[in-house]
Amino acid sequence: MEWLEIFDISLFRSLIRSATPIALIGFGAAMCSASGVLNIGLEGKMLNAAFVGIAASYYSGSALTGFIWGVSAGVLTAILFGVLSFNLGADEVLVGLAINIFSIAGTRYLLETLFKRRGFFSDPSIQGIDPINFEFLVDTRFEKILSGYTPSIYLVFFLAIVLYLVYYKTRLGTAIRATGENPEAAEDAGINTLRMKWLTVIFSGVLAGIGGTFLSLENMTLFTEGMSAGKGYIGLVASSFGNNTPLGTFGASLFFGLGDAIGIRLQGVYELDSRLILMVPYALTVVVLILIGIRQRIRVRPVPIPEQ
Amino acid sequence: MTQNNIETAVEVKNITKSYPGVTANDSVDFKVLKGEIHALVGENGAGKSTLVKILYGIEQPDSGEIFINDKPVEINKVDKAIELGIGMVHQEFHLVPSFTAAENIGLGQEPRNSRGFIDWDELNSEVSNIAKKYGLDVDPKLRMIDASVGIQQRTEILKTLYRNANILILDEPTAVLTPQETDELFEVIRSLVDEGKTVIFITHKLREVMEISDRVTVMRDGKVQGVSNTKDTSPEELAKLMVGREVFMQVEKEEAKPTEKVLEVKNLWVHDARGLLAVKNLSLDVHKGEIVGIAGVDGNGQTELVEALSGLRPTSKGEVIFDGKNIESISPRKRRRAGLAHVPEDRANTGLNLKLDIWENLVGTSYFRSPLSKGGIISMKNVVDHSNNLREKFDIRTPGVFVRTGSLSGGNQQKVVIARELSEDPLLTIASQPTRGVDIGNIEAIHKQLVEIRDSEKAVLLVSAELDEVMSVADRVAVIYEGEIVEWVNPKDVDQQQMGLYMAGIKD
């Protein structure tokens, strides 16, 4: 079986890289959904962070400064989402969509006015975030699997575990889940549900910010228009596929990453049309949405009527 | 306890609370003694809810003072009430469905181990201990989705006890219980009082006031109408204080004279939204000139049965024959045309669009027909005339029909639904919980209307979780339990106790 040969270490590494931004968005979306907030606006937060990150790195010549500014952009966009939805009472979905559309137009405008570029921006003075190489793994069999990723990738694995613990084993986790499932019960228990929602929205902004800088400063060192390319939405689907739980979302993100990685790999092997390969994540999203639909159908499968 | 060392648990002096347009509490004085069961009664809108919301810190009074255990306090938020030892069991349970009993009880105050993680075993055993102490039978590991209403209520009570509440406010706690479950609840309340707790019991069921309370406060129109020792008063006297006039507690009606069959349900099966069987092999008929009642605790398939009959939910198997024709697969609008009217249980969402004006709701089922519409265009003149006629005929208390329906009281909203449903002179009226959230004065009027329909040779199917209502209005009653009819009874020949057994699915 020749095609089985694609399942090797480099496919694994490619999978992990593809899964990272989706998982970062997915974790944020899962926490928001758990607290009862449907956060459509993560796509825009990610895009803003990607742009601001690269701009800050370009001007300062420091990857860290770029990262900090990028994450701040994600958080500021999250605050905008919160103010419009919670303080001013606008519809969450509409606010999210507005943020996404605004971010596409806003980053394009700044790209053209600040850098006089169209389409994409790349410059040697932009400092990207370097991969981490673990000295102690050098020349061991784990080196190729575990070493040499950028920081966000390690962060994703760390977050999966931390969020699992927070979600199921802390007061904060139960408070967030209660807020989403029955806000009155939470309020009764002295939980400030608005604070919980703010917390998850800001948290999702931080993660979307990290996801954005991952795209423009880690995975590559450049900005292209609309470079979030729907990952904000795919992350949302991943969290839904994973029942809004940390490990479920993580698993779903890896699944999306796998699809992406296989697509890229097959392109090399079979010389497939690259445009077809670029479609893989979106086609997978549709497949997953269908699976979610089927799962819901199975859940309400009618009990058979007994024969008389 | 002797007279001279009695302390007051709660004392409210001269509380006033206004909302735009209404004074919900008007110089209210309210006093609850330590260790007593104090009934707070009144119609909907009398101000009971506002008063307890003020006590529980959900609402702030415009003026007045509150004393807890003889000390002046300011209860500006729920946390403060909890800190003062006040606990509240709401009418609508505030439980997280996917959480277990213990997870709900401990929410926000879960015991933690040295690493800061919740100690679930410790929480489960703490809950078990409190449950045992007060005789509340609850499995700490039972998820609330799988728990009966009675267990959910006990979980709510445990929630307050877990937070060391000494003063428990129970808001209409018996509305969702069978008579047996009510008895069990009363046992629990007595054991709470034996353990030194104070209970404020809100209800509009006067029988329960007489049975459980030590003292009773009656409210009407935001004012306290009277306070007395329960043993010194009578249901009649309390009813008069509540309504402000004499109330006929019994529905006056002649013997029913049923004629031809108008509805026949044959071996009907209906699935609920979760895919479970809600109605199982149910058969019944309704004749012209009679009121058939369906009694049962909420959630035993009544909702799904009514939805299936009115066309809002597909039937899974079986036949529904209305006026000689099978209707199980025709649309709700066609069913209406055939003469089937439906007063739905959920007035606010299914029965009315509260954001629309009264006239819009009144013509919601008929606006497209002549003379209300001509050539596809609504004739405002005819619609307004029609609406005003209905408003007069059904005594809808409103300044006009161009008023938002949501601004009416519950009773008047229900009159809008009933006016619309009866405006087309239906053969059969399915009335589901027609007096839920309606004040006593209007309940009387609605009951009278149902009897009038019957006396004009039409049929009524009355579905109600209020046992007293079904028993006094219906001519024949089917008791439903878990989607099946347990027993048909003649309301004159059966007592509360027996009905309670049927409602719990126990057949002799």
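This is a predicted model, so every value here is computed, not measured.

**So, the overall build of chain A**
The helix and strand inventory of chain A stands at 13 helices and two strands. Its C-alpha atoms give chain A a radius of gyration of 20 Å, near enough to 19 Å, the size a compact globule of 308 residues would have. By its C-alpha atoms, chain A is 70 × 55 × 40 Å across when sized along the principal axes. The 308 residues of chain A split such that 47% are buried.

**Here's the deal with the pairing of strand 14 (residues 317–322) of chain B**
Residue and element names in this part refer to chain B. Where strand 11 (residues 261–271) and strand 14 come together, five bridges link them in antiparallel fashion. When the sheet's bridge partners are listed, Lys 266 is paired in strand 14 with Glu 319. As paired elements, strand 14 and strand 15 (residues 325–326) share two bridges and run antiparallel to each other. Residue pairing in the sheet places Phe 322 in a bridge with Lys 325 of strand 15. What sits between the antiparallel neighbours strand 14 and strand 15 is a turn of two residues, in which Asp 323 has the positive phi angle 50 degrees.

**Structural notes on the packing of aromatic side chains**
Here a ring pair, both rings aromatic, is described through the centre-centre distance and the interplanar angle of the planes. Applying the stated criterion across every chain, the model contains 20 aromatic pairs over all chains. Their ring planes at 80 degrees and their centres at 5.1 Å tell us that Phe 51 of chain A and Phe 223 of chain A sit as a pair that is edge-to-face. Linking Phe 51 of chain A in helix 2 (residues 42–60) with Phe 223 of chain A in strand 2 (residues 223–224), this pair joins segments that are 172 residues apart in sequence. By the burial criterion, Phe 51 of chain A is buried, and Phe 223 of chain A matches it. For the pair Tyr 149 of chain A and Tyr 154 of chain A, a centre-to-centre distance of 5.8 Å together with 75 degrees between the ring planes defines the contact as edge-to-face. A residue is classified by how much of its surface remains accessible, and Tyr 149 of chain A, at 5% relative accessible area, is buried. By way of ring pairs, the aromatic residues Phe 51, Tyr 58, Tyr 59, Phe 115, Phe 121 and Phe 223 of chain A are connected into one cluster. The ring of Tyr 167 of chain A carries the charged tip of Arg 177 of chain A above its face, separated from the ring centre by 5.3 Å. The residue whose ring lies beneath Arg 333 of chain B is Phe 368 of chain B, and the NZ or CZ to ring-centre distance is 3.6 Å.

**Considering the nonpolar core**
All names here are of chain B. Formed by 40 residues in total, the largest nonpolar core has its most connected members in Ile 291, Leu 450, Val 477 and Met 499. When residues of this core are assigned to domains, at least three map to each of domain 2 (248–339 + 426–508) and domain 3 (353–422). Sequence-distant contacts of Ile 291, defined by excluding residues within four places in its chain, comprise Leu 450, Val 451, Arg 454, Val 460, Leu 462, Val 473, Ala 474, Asp 475 and Arg 476.

**Some thoughts on the domain arrangement of chain B**
Residue and element names in this part refer to chain B. Under the domain assignment, chain B is made up of domain 1 (8–243), domain 2 (248–339 + 426–508) and domain 3 (353–422). The straight-line distance from the C-alpha centre of domain 1 to that of domain 2 is 33 Å. Contact between domain 1 and domain 2 buries roughly 1,300 Å² in total, counting both sides, with carbon and sulfur atoms accounting for 57%. The largest per-residue losses of area from domain 1 upon contact with domain 2 belong to Asn 44, Pro 179 and Gln 180, which jointly make up 32% of the total buried on that side. At the boundary of domain 1 with domain 2, the tally comes to zero residue pairs in polar contact (both at pLDDT 80 or more). Elements supplying a minimum of two residues to the side of domain 1 that touches domain 2: helix 6 (179–194), helix 7 (206–212) and helix 8 (235–243). With three residues, helix 8 is the largest single contributor of residues to the side of domain 1 that touches domain 2.

**Brief notes about the interface of chain B and chain A**
Taken together, the contacts link 33 residues of chain B with 27 residues of chain A. Counting the surface chain B buries against chain A, the share from its top three residues, His 94, Leu 107 and Phe 117 of chain B, is 20%. Taken together, the links from chain B to chain A amount to one salt bridge. Here Arg 171 of chain A makes a salt bridge to Glu 110 of chain B, at a shortest N to O gap of 3.9 Å.

**Regarding the environment of Ala 34 of chain A**
All names here are of chain A. Counting through the fold element by element, Ala 34 comes out in helix 1 (residues 9–34). On the basis of relative accessibility, which here comes to 9%, the residue Ala 34 falls in the buried class. On a C-alpha basis, the gap between Ala 34 and Gly 173 in space is 9.2 Å, while along the polypeptide they are 139 residues apart. Not counting the four nearest positions on each side in its chain, Ala 34 is found in contact with Tyr 167, Ile 176, Arg 177, Gly 180 and Glu 181.

**Remarks on the confidence of the model for chain A**
Of all residues in chain A, 98% attain a pLDDT of 70 or more, and the chain-wide mean is 88. Per-residue pLDDT, averaged within each element of chain A, yields its smallest value for helix 12 (residues 274–278) of chain A (78) and its largest for helix 7 (residues 171–181) of chain A (95).

**Notes on the sheet that holds strand 13 (residues 291–295) of chain B**
Think of a sheet as strands paired side by side through backbone hydrogen bonds, with each pair either parallel or antiparallel. Residue and element names in this part refer to chain B. On the basis of which strands lie adjacent, the open sheet formed by six strands has the order 16-19-20-13-21-22 and mixed pairing. Each edge of the open sheet carries a strand with a single partner, namely strand 16 (340–343) and strand 22 (484–489). Across the sheet, the mean angle from the axis of one strand to that of its neighbour is 20 degrees, orientation sign disregarded. Here four bridges tie strand 16 to strand 19 (residues 428–432), and the two strands are oriented parallel to one another. Its bridge partner being in strand 19, Leu 340 is matched across the sheet by Leu 428.

**Examining unusual backbone geometry**
All names here are of chain B. Pro 371 follows Ser 370 through a cis peptide bond whose omega is 5 degrees. As for its placement among the helices and strands, Pro 371 is situated in the loop between helix 12 (358–362) and strand 17 (373–374). Despite not being glycine, Asp 70 has its phi angle at roughly 70 degrees, a positive value. Within the fold, Asp 70 resides in the loop between strand 4 (63–68) and strand 5 (71–73). Phi is positive for Asn 281, which is not a glycine, with a value near 50 degrees. Tracing the backbone through its elements, the reader meets Asn 281 in strand 12 (residues 277–287).

**A few points about the sheet that holds strand 6 (residues 86–89) of chain B**
All names here are of chain B. Across the sheet, six strands lie side by side as 6-7-8-3-9-10; this open sheet has mixed pairing. Here the strands that pair on one side only, and so sit at the sheet edges, are strand 6 and strand 10 (223–229). Across the sheet, the axes of successive neighbouring strands diverge by a mean angle of 20 degrees, strand direction being ignored. Pairing geometry for strand 3 (residues 37–42) and strand 9 (residues 215–220), over five bridges, is parallel. Bridge pairing links Gly 42 to Met 219 in strand 9. Here helix 1 (residues 48–55) sits on the sheet in contact with strand 3, strand 6, strand 7 (167–171), strand 8 (198–203) and strand 9, set at roughly 135 degrees to strand 3.

**Digging into the confidence of the model for chain B**
In this model, chain B carries an average pLDDT of 89, and 97% of its residues clear a pLDDT of 70 or more. As scored by the predictor, the complex reaches a pTM of 0.76 and an ipTM of 0.82.

**Points about the packing of helix 6 (residues 151–169) of chain A against helix 7 of chain A**
Geometrically, a packed helix pair is captured by the angle between its two axes and the distance between the axes. All names here are of chain A. Look at helix 6 against helix 7: their axes get within 5 Å of each other, and the N-to-C directions meet at 70 degrees. Put simply, helix 6 runs roughly perpendicular to helix 7. Where helix 6 abuts helix 7, its residues Val 166, Tyr 167, Tyr 168 and Lys 169 lie against Arg 171, Leu 172, Gly 173, Thr 174 and Arg 177. Looking at side-chain class alone, the contact of helix 6 with helix 7 contains four nonpolar, two polar and three charged residues.

**A word on the pattern of salt bridges**
All names here are of chain B. Scanning the entire structure with this criterion turns up 29 salt bridges over all chains. The salt bridge involving Asp 475 is made with Lys 253; its shortest N-O contact spans 3.0 Å. Pair noted here: Asp 475 is in the loop between helix 16 (467–473) and strand 21 (476–481) and Lys 253 is in the loop between helix 8 and strand 11, with a separation of 222 residues, a long-range link. According to the relative accessible area criterion, Lys 253 is partly exposed, its value standing at 30%.

The rules we used
Residues numbered from 1 in each chain as written. Chains lettered and ligands numbered in written order. Predicted model: local features only at pLDDT ≥ 70, side-chain atom pairs only at ≥ 80, totals over all residues. Heavy atoms only, no water. Helix = DSSP H or I, 4+ residues; strand = E, 2+ residues; numbered from the N terminus. Rg over C-alpha atoms; globule rule 2.2 N^0.38 Å. Buried < 20%, exposed > 50% of the residue type's maximum accessible area, 1.4 Å probe, protein only. Pairing = 2+ DSSP bridges. Phe/Tyr/Trp six-rings, centres within 6.5 Å; stacked < 30°, edge-to-face > 60°. Lys NZ or Arg CZ within 6 Å of the ring centre and 35° of its normal. Core = buried A, V, L, I, M, F, W, Y, C linked by side-chain atoms within 4.5 Å. Domains from an automatic or database assignment. Contact = heavy atoms within 4.5 Å. Buried area = accessible area lost by both parts, 1.4 Å probe. Polar contact = N/O pair within 3.5 Å; in protein donor to acceptor, adjacent residues only side chain to side chain. Salt bridge = Lys/Arg side-chain N within 4 Å of Asp/Glu carboxyl O. pLDDT = per-residue confidence, 0-100. Axes fitted to C-alpha atoms, helices over the stretch in contact; angles between N-to-C directions. Parallel < 35°, antiparallel > 145°, perpendicular 65-115°, else oblique. Nonpolar A, V, L, I, M, F, W, Y, C, P; charged D, E, K, R; others polar.

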